[in-house]
Every structure is written in C-alpha cells, then in structure tokens.
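A structural walkthrough
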Amino acid sequence: MYNTYILKQVSLLILVLFSMFSCSKSENLSVNPGQKKRPEAEQFGFKFNDFNVLHDTIQSGDTFGSIIENQNLGDKQVYDIIEKVKDSFNVRSIRIGKPFTLLRSKDRHKKLQVLVYQPDRGSYYVVDFRDSITAYKKIRPVRIKQRTIAGVLDGSLSDALNKQGVDAALANKLTKVYAWSIDFFKLKKGDKFGVTFTERYIDDTIYDGVDSLKAAFFDYKGKLIYAFPFAQNQNSGKLDYYDDQGKALKNFFLKSPLKFVNITSRFSKNRFHPVQQIWKAHKGTDYAAPSGTPIMTTASGIVEQTGYTAGNGNFVKVKHDRTYSTQYLHMSKILVRRGQRVTQGSIIGKVGSTGLATGPHVCYRFWKNGVQVDALRLKLPNSQPMDKKNLPRFMAQIQPLKRELDSVANL
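Residues numbered from 1 in each chain as written. Predicted model: local features only at pLDDT ≥ 70, side-chain atom pairs only at ≥ 80, totals over all residues. Heavy atoms only, no water.

Looking at the overall build of the chain
Helix and strand counts for the chain stand at 6 helices and 24 strands. Out of the 411 residues in the chain, the part that is buried amounts to 38%. Considering only residue pairs separated by 6 or more positions, the chain has 61% of its internal contacts joining residues 24 or more positions apart. (Helix = DSSP H or I, 4+ residues; strand = E, 2+ residues; numbered from the N terminus. Buried < 20%, exposed > 50% of the residue type's maximum accessible area, 1.4 Å probe, protein only. Contact = heavy atoms within 4.5 Å.)

Printed below as a string of structure tokens:
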C-alpha cells in the first residue's frame, strides 16, 4: 500500500512538471520578443504591403489608355481620366521600355488604385485613382558621393576602371582632359593612375553614373602628371584643367608656326598657283621667312608623317588628338622623325623652298576631323593660362585633393 502511495506521488509530480513545461513552451511560441517583424516594402511614397502590386514596362503599341482600361476602374472612364490629369501628366509622353507600376486593391476585385510611370531613374509620375483623380511628378533625391581609386594598367584604361566598378564615362573624361599631355596609345602595362571623382546615387541606392572629375594623376614615362579642374573666373564657373604647378593641360594652338609672321597667301578655294600657273584650291596658309628659320609645331602631339613629295617638298605632319592635325611644307630640313612626341613650340624643321615653291616659306595646313580647314578662321580649343593672382587660391584648393591622390600613388 505504501508503494502504491509513493507511485501516485511520483506520477503527480511528473504530471505537474510536464504541465509547467508545456505551458512555458506555449508561451514561448506565442510571445517571442526577439523575433523581428518583416519590414514593409515602401516605394514612391506607398507601402506595397497594402496593395496588390504589378510591375511592368511599356511595350510596343501600349498607350496610357490601353494600360488602365484593362484594369478594374469601376465607373471611371478612360477619357475622363486623361482629361483630368493632362495638365500634370502628358499621357502621350510614355515611351517603349520605360517601367511602370500598378497598385491595386488586395481584395478579389483588384481595383486600380495608383499608377506610377518612370520616364527616367531620377523622377516618376503618380496617377492616383482613389477618390478624386490626381496626378503629380516627383523628383527623387540625388546624393553625390566622392571616392578615390588607384589602378595599374593591364589593358585599356576603360578595362582598368571597369574592374573597379567605375562607369566608362570616366575613361572618356580622362582621355579628353589629358589629350594634350599624354599619348594614350603609348601607355603600357604597369603604368599607374589615380582618380578622385564623384558619383550620383538616387535615393542613396540607385547608381546613376559619374558626376564629375575632381583630380587625377598618371604615371607617364616616369613622371606623375596631375590634373585639377579650376575656375579662374568664379562667376563664370568655366573649368579648365591644370597640373600641380598651375600649368594648363590643354595648350593653346600657336597662331603660326613661325615667331615672326608674314602671311603671303591665305587659305582659298580658288587661287592662281604661282608655279603651276593654274587656278586651284590652296588649302593652307603661307608664311614667308628666310631659309633656315626654325619652324615650330603649333601644339603638342605625335609626328604622324615625315617625307618628301614633288608638290609639298620636305614636310612634317603632326597628329594632336583624334580631332586635330597640322602639316608643315617646303622645309629645307626635317628635324623630327615619325612617331616622335613633340610639345607645343618644338622645332620640327627649317624654312626652305623645296617642292612647288617660288621662294622660302612654310605652308601651314590644318585638319579637323579629317577635313582641311582654314586655321585662321577656326575657333580652336584653348585653356586660359593661370593668372598669377589666382595661383594661391588654386594651390589651396588642390592641396587636400593632391594629398588624397598621393596617398594612393604608392599603393
């Protein structure tokens, strides 16, 4: 009998403990303070969890009317809707490939509540069908972020930037800035570069490309060539690029290839040739000077051709960039070789009268995009030389940028 009593007591204790454990487990299942609530998706100012959401893009043949008439509009008519929103949203402006979003009711009717159309990444239109129909445009906030990168060439500049997730537009920008200082065809594997630039981010998350170039350097032929944008006239805001000493990277074209200018014949579509005794085009400007007078290249570049022809005599042709080339004819002596890099003002030959010439002179020819043009009438690219009074402001402005670049130059 005693054993039976003990057995009952033990069974009762087990039952109590099991009951306590089950209760505790039940409470833990129903209340979990550490459990995170699933975040609600929100975009365009709407909580997507409150709607049945449909994302799509404009297809060929789509119109604003055809898109919304396939939705449950209730008693609203497409024509009336277009009339009500036309002052805020031109429904004819929608374009193929652009995204739109439909927010519909979550019940079985899926009644259209809101349409959002995105003409670009930086803005969107909202047409609200709830209550009275309204339409409005929203501009997304854009944040500018700055970063500095360094790299080593193992191919093209575009490839090197692409490996670091940088928009290809930056490579094009750098090529233009350095067009007068660096021959990008001569850059080789292992050459270093560094760039400080800004990028645009829409809503802090959507990458929208490169905004501006703040500073750069290239390790070119053993020398660091810097580039810093600077506005000498702060009111105009016009930027030119200068190196770390304040020297302009984009050179002026010299007015002529000689120090002393004596124009004897200008560019003409029809000129009487003094040697051939016929009327023909003269696609250059003649500068007379004594034999042996030094001839200068009017801008930096690469010697593209040298040689002799019966008409041109001894000549040199210099390619300055993808757009501009110049040629110098009738030399008595050529002082450069093909493929040689020359800087603005470099002596490339001496005045002579070789070829079809009646006396010593240099015929100066100018090409733009492969077409010979009148250099005297052409508005040529140039940078404003640094005014001495602006140099202190320039040096103060570039100091933190140069420090940042120098910190990555030795990485």
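Some points on the sheet that holds strand 4 (residues 99–104)
Adjacent strands of a sheet form backbone hydrogen bonds with each other and so pair up, either parallel or antiparallel. Taken together, the 5 strands give an open sheet; going across it, the order is 3-4-5-6-7, and neighbouring strands pair in antiparallel fashion. Lying at the two open borders of the sheet, with one neighbouring strand each, are strand 3 (52–57) and strand 7 (134–139). Taken pair by pair, the neighbouring strands of this sheet meet at an average axis angle of 20 degrees, ignoring direction. Taken together, the 6 bridges between strand 3 and strand 4 define a ladder with antiparallel strand orientation. In the sheet register, Val53 faces strand 4, and the bridge partner there is Leu103. (Pairing = 2+ DSSP bridges. Axes fitted to C-alpha atoms, helices over the stretch in contact; angles between N-to-C directions.)

Topic: the environment of Val177
Tracing the sequence through the fold places Val177 in helix 5 (residues 169–177). Looking at Val177, the relative accessible area reads 8%, which means it is buried. Sequence separation between Val177 and Leu249 is 72 residues; the distance between their C-alpha atoms is 7.3 Å. When sequence neighbours within four positions are dropped, the list of residues in contact with Val177 reads Leu213, Ala227, Tyr241 and Leu249.

Focus on the packing of aromatic side chains
For the structure shown, the criterion picks out 21 aromatic pairs. On the basis of an interplanar angle of 25 degrees and a centroid distance of 4.8 Å, the ring pair of Phe89 and Tyr125 is categorised as stacked. Linking Phe89 in the loop between helix 3 (78–85) and strand 4 with Tyr125 in strand 6 (residues 123–128), this pair joins segments that are 36 residues apart in sequence. Plain terms: the ring middles of Phe228 and Phe394 are 6.4 Å apart, the flat faces sit at 80 degrees to each other, and that makes the pair edge-to-face. Remark: Phe394 occurs in helix 6 (residues 391–409) and Phe228 occurs in strand 11 (residues 223–230); sequence separation between them is 166 residues. Residue Phe228 is classed as buried on the basis of its relative accessible area, which comes to 0%. The exposure class assigned to Phe394 is buried, which follows from its relative accessible area of 0%. Taken together, the aromatic side chains of Phe217, Tyr226, Phe228, Phe230, Tyr242 and Phe394 make up a single cluster linked through ring pairs. Above the face of the Tyr201 ring, Lys145 is positioned so that its terminal group lies 4.4 Å from the ring centre. Over the ring of Trp367 we find Lys317, and its NZ or CZ is 3.9 Å from the ring centre. (Phe/Tyr/Trp six-rings, centres within 6.5 Å; stacked < 30°, edge-to-face > 60°. Lys NZ or Arg CZ within 6 Å of the ring centre and 35° of its normal.)

Describing the side chain of Thr326
Tracing the backbone through its elements, the reader meets Thr326 in strand 20 (residues 324–334). A polar contact of 2.7 Å, which involves the side chain of Thr326, links it to the side chain of Tyr328. Excluding residues within four positions of it along the chain, Thr326 makes contact with Phe253, Thr298, Val316, Lys317, Val318, His320, Tyr364, Arg365, Phe366 and Trp367. (Polar contact = N/O pair within 3.5 Å; in protein donor to acceptor, adjacent residues only side chain to side chain.)

Brief notes about empty space enclosed by the protein
Using the criterion set out here, one finds 1 cavity of 30 Å³ or more in the structure. Quantified by volume, the largest cavity comes out at close to 40 Å³. Together, Ile58, Phe64, Ile67, Phe89, Ile94, Phe100, Leu115 and Tyr117 line the largest cavity. When contributions to the lining of the largest cavity are tallied by element, the ones reaching two or more residues are helix 2 (64–69) and strand 5 (112–120). A breakdown of the residues in the lining of the largest cavity according to their chemical character gives 8 nonpolar, no polar and no charged. (1 Å grid on protein atoms, 1.4 Å probe; cavity = no way out; pocket = protein on both sides within 12 Å on 5 of 7 lines; lining within 4 Å. Points joined across faces, edges and corners; volume = space filled by probe spheres on them. Nonpolar A, V, L, I, M, F, W, Y, C, P; charged D, E, K, R; others polar.)

Describing helix 5
Inspection of helix 5 places Leu170, Ala171, Leu174 and Val177 among the buried residues, and these make up the whole buried set. In an axial view of helix 5, the angular spread of the buried residues amounts to 130 degrees, which keeps them on one side of the axis. In the core, the buried residues of helix 5 are packed alongside helix 4 (157–162), strand 9 (192–202), strand 10 (206–220), strand 11 and strand 12 (240–242). (Arc of directions from axis to C-beta.)

Side note on the nonpolar core
Of all hydrophobic cores here, the largest spans 25 residues; its most connected members are Leu161, Leu170, Leu174, Tyr178 and Val195. Contributions of two or more residues to this core are made by helix 4, helix 5, strand 9, strand 10 and strand 11. No other element matches the 5 residues that strand 10 contributes to this core. Dropping the residues within four chain positions of it, Leu174 is found in contact with Leu157, Leu161, Phe184, Val195, Leu213, Ala216 and Phe218. In this structure, Tyr287, Val316, Val342 and Val362 belong to the second largest nonpolar core, which totals 22 residues. (Core = buried A, V, L, I, M, F, W, Y, C linked by side-chain atoms within 4.5 Å.)

What about unusual backbone geometry?
For Phe44, which is not glycine, the phi torsion reads 60 degrees and is therefore positive. Considering the arrangement of structural elements, one finds Phe44 in the loop between strand 1 (42–43) and strand 2 (46–47). Despite not being glycine, Asp203 shows a phi value in the positive range, around 55 degrees. Tracing the backbone shows Asp203 in the loop between strand 9 and strand 10. According to the relative accessible area criterion, Asp203 is partly exposed, its value standing at 34%.

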